Structures are given as structure tokens and as C-alpha cells.
Amino acid sequence: VKDKKKFKRAALLTFQDEADETEEQAAPVVEKPVEKRAVGKNPLVNTSFLPDREREKEELEVRSQLIDEWQREQERLKKEVVEITFSYWDGAGHRRSIKVCKGDTIGNFLEKARQKLSHEFRDLARSSVENLMFIKEDLIIPQSYSFYDLIVTKARGKSGPLFKFDVHDDVRLRNDATVEKDETHAGKIVERHWYERNKHIFPASRWEVYDPEKSFETYTIHGHEVR
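Reading the values: rules and limits
- Residues numbered from 1 in each chain as written.
- Predicted model: local features only at pLDDT ≥ 70, side-chain atom pairs only at ≥ 80, totals over all residues.
- Heavy atoms only, no water.
- Core = buried A, V, L, I, M, F, W, Y, C linked by side-chain atoms within 4.5 Å.
- Buried < 20%, exposed > 50% of the residue type's maximum accessible area, 1.4 Å probe, protein only.
- Helix = DSSP H or I, 4+ residues; strand = E, 2+ residues; numbered from the N terminus.
- Contact = heavy atoms within 4.5 Å.
- Patch = residues over 30% accessible without salt bridge, like charges linked within 9 Å, V, L, I, M, F, W, Y side chains within 5 Å.
- Areas by Shrake-Rupley, 256 points an atom, 1.4 Å probe, with all protein chains shown as cover.
- Salt bridge = Lys/Arg side-chain N within 4 Å of Asp/Glu carboxyl O.
- Lys, Arg positive; Asp, Glu negative; His and termini not counted.
- Charge placed at Lys NZ, Arg CZ, Asp CG, Glu CD.
- Pairing = 2+ DSSP bridges.

1. Overview of the nonpolar core
With 28 residues, the main nonpolar core has Ile84, Phe109, Leu110, Phe134, Ile141, Phe147 and Ile189 as its most contacted residues. Where this core is concerned, the elements lending two or more residues are β1 (81–89), β2 (93–101), α3 (106–117), β3 (132–136), β4 (139–141) and α5 (147–152). At five residues, the largest contribution of residues to this core is made by α3. In this structure Phe134 touches Ile106, Phe109, Leu110, Leu139, Ile140, Ile141, Phe147, Gly187, Lys188 and Ile189, once residues within four positions along its chain are discounted. Counting nine residues, the second largest nonpolar core, distinct from the first, contains Met133, Ile140, Tyr195 and Trp207.

Right, here's the structure in full:
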């Protein structure tokens, strides 16, 4: 009888263990959700090279502001008044001066000079601005150029600077340590037909059309270099 009881008890325990294993296998496995951690910038890493819309927008605004300021400054400079010393040349020099704005073109200047000179030289009263030429430092300056163009580019001629319009001044170039002690020369106004008749004779024989791409490293006067 005791053996039968032991057998029954062992059978019950075995059945219970099998039932427990079945329940464990049937129960679904619930996975815990993985928490996503926010990835921040490492303050020790230089990220200035990475795209940044806000930074790019700020840079564009600053650049636009600087361009506007530069343009306003250039317009202010163009309105500044400068006195041009010149000589009306008909084989002899007749020195005069006239005030213009730096933004005025050579054509504007020639018309103002023609009006001023026409009271003394009647041929100019019947002439037109297209028949006039402006020669500065042995270069024929086209009428489309402005004084501002010559000034801001520090243009140089064959015998002196094109950006100085007074006379008997020492020329000091900011980008060159050399002090050029030669005086600047008054520009000449001549009639085109006079030039055509005399371009083989000094001083007209030295004149040539201004070319901004051509560089004059040294100045020459009557064939001699001036440093």
C-alpha cells in the first residue's frame, strides 16, 4: 500500500512539472522597449564645417549688409568734388581749372570745360564734346571713364599718376615705399583735328590711348625714366 501511495505521489509531481513546463513554453515573451537616448553634440568636437542653416542665414545677412555699406560709401565718394587743373592746348598752353564730381565722366568734364573756354576761344563754341580729347600723363583718356575709375584703381600714366589732378605735388603711393618726387602734370584738352594734324610732332607723338591692362612701372619724361 505504501508503495502504491509513493507511486501516485511521484506521478502527480511528474505531471505537475510537465504542466508547468507547458505553461512556460506557451506564455508569450514580452520584450521591454529600448529607450532611445538623444544624441547631443560633443562640445569638444569642432562642427563649424558642418551645414548650419541658421549660421548660413546670418552670414548671408552680414555679407549683404557689408555690400550695401560699401555701395553707399562708393556713392558718397562719387559725389565728392575735385578740382581739375588742365591746359587747353592749341600748340600753346592755356591753364585753367574747373570743379567736377569724382563720379563725373571725362565726357562730362570736357563739356563743362568747353562751355567755360568757349567765351575765350570761339572755335570751341562751334565745336562739340565729341571733337575734344583729354590727355593726362601722355595718355588719351576715353570719355567713358570717370575720375572715380582712375582714383580707385590708382591708375598710372607714362609720365605720372592719373589719379592726381592738382600740380606740383609729390606723389606717394600707398602700396609702394618709393616716394616719387616728380610733380604731376596738368591734363591737356585738345581738339581732335589738331591732334590728327600734329600727332607726329612732340608732345602729341608721345600720346597713346589709355589701356587699363597696360602697366607703367616707371614714369618717363622726354625719354628719361623718373623713379
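2. Side note on a negative patch on the surface
A cluster of acidic residues, Glu54, Glu56, Glu58, Glu59 and Glu61, forms a negative patch at the surface. Mapped onto the elements of the fold, Glu61 is located in helix α2 (residues 53–79). With relative accessibility at 48%, the residue Glu61 sits in the partly exposed group.

3. Some remarks on the pairing of β2
Taken together, the nine bridges between β1 and β2 define a ladder with antiparallel strand orientation. Bridge pairing in β2 links Ser87 to Arg95. Between β1 and the antiparallel strand that follows it, β2, lie three residues; Gly91 among them carries a positive phi value of about 110°.

4. Digging into unusual backbone geometry
For the bond from Phe202 to Pro203, the omega torsion is 10°, close enough to zero to count as cis. Its location among the elements puts Pro203 in the loop between α6 (192–198) and β8 (208–209). At Lys154, a position not held by glycine, the phi torsion is positive, near 50°. Note that Lys154 resides in the loop between α5 and β5 (171–172). Classification of Lys154 as partly exposed rests on a relative accessible area of 36%.

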